[in-house]
Amino acid sequence: MNVNIRVMNIETTKLELMQLLLQTRKKSILSRIRKIYEEENIASERISIEQYNKEIDESLAQIERGETHTHEEVKSMIRQWGRK
């Protein structure tokens, strides 16, 4: 399959999906599609090894300063996220 045909197929698929999205009245479908899209974008946002190491160092410094949460505190915070 040559590149032009693949690009055309992608463009055709995008147009078909746009049509389906415009026709749907189900909020659940739109929410699920948004979630998939957001997850894909997050997965593609890689950080450098330097940034990764910097974040690890910052986290270790927070632990040394006592900026931590107990398991019970974290469970409480998670329960509050669901209420927003």
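Source: prediction; values computed, not measured.

Thresholds, definitions, all that
- Residues numbered from 1 in each chain as written.
- Predicted model: local features only at pLDDT ≥ 70, side-chain atom pairs only at ≥ 80, totals over all residues.
- Heavy atoms only, no water.
- Helix = DSSP H or I, 4+ residues; strand = E, 2+ residues; numbered from the N terminus.
- Buried < 20%, exposed > 50% of the residue type's maximum accessible area, 1.4 Å probe, protein only.
- Areas by Shrake-Rupley, 256 points an atom, 1.4 Å probe, with all protein chains shown as cover.
- Patch = residues over 30% accessible without salt bridge, like charges linked within 9 Å, V, L, I, M, F, W, Y side chains within 5 Å.
- Salt bridge = Lys/Arg side-chain N within 4 Å of Asp/Glu carboxyl O.
- Expected span 1.5 Å × (residues − 1).
- pLDDT = per-residue confidence, 0-100.

Student: Please clarify how the overall build of the chain should be interpreted in this entry.
Tutor: Scanning the chain from N- to C-terminus turns up 4 helices and 0 strands. The order of α-helices and β-strands along the chain, N terminus first, is α-α-α-α. A buried classification covers 0% of the 84 residues belonging to the chain. Carbon and sulfur atoms make up 56% of the accessible area of the chain, which amounts to about 8500 Å² in all.

Student: Teacher, can you tell me more about a nonpolar patch on the surface here?
Tutor: Residues Ile47, Ile49, Tyr52, Ile56, Leu60 and Ile63 make up a contiguous nonpolar surface patch of about 580 Å² in total accessible area. By the secondary structure assignment, Leu60 is in helix α3 (residues 49–64). Residue classification places Leu60 among the partly exposed positions, given a relative accessible area of 45%.

Student: Explanation requested: the pattern of salt bridges in the structure shown.
Tutor: Opposite charge on two side chains permits them to pair, given that their charged atoms come into close proximity. Taken as a whole and assessed by the stated rule, the structure comprises 3 salt bridges. We note a salt bridge from Glu11 to Lys14, for which the minimum N-O separation is 3.3 Å. Highlighted residues: Glu11 and Lys14, both in helix α1 (residues 3–23), separated by 3 residues, approximately one helical turn. Judged by its relative accessible area of 37%, Glu11 is partly exposed. Residue Glu72 pairs with Lys75 through a salt bridge whose shortest N-O separation is 3.2 Å. Remark: Lys75 and Glu72 occur in helix α4 (residues 71–81); sequence separation between them is 3 residues, near one turn of the helix.

Student: Is there a simple way to think about α3 in this case?
Tutor: A turn of α-helix holds 3.6 residues, and therefore any two residues three or four places apart point the same way. Taking 1.5 Å as the rise per residue, α3 with 16 residues should run 22 Å; its terminal C-alpha atoms sit 23 Å apart, in good agreement. Phi for Gly66, located one or two positions after α3, is positive at around 80 degrees.

Student: I'm lost on the confidence of the model for the chain in this one. Help?
Tutor: Fine structural detail should not be taken from predicted coordinates in areas where pLDDT scores are low. Residues at a pLDDT of 70 or more form 86% of the chain, whose mean pLDDT is 85. Per-element confidence in the chain ranges from a low mean pLDDT of 81 for α1 to a high of 92 for α3.

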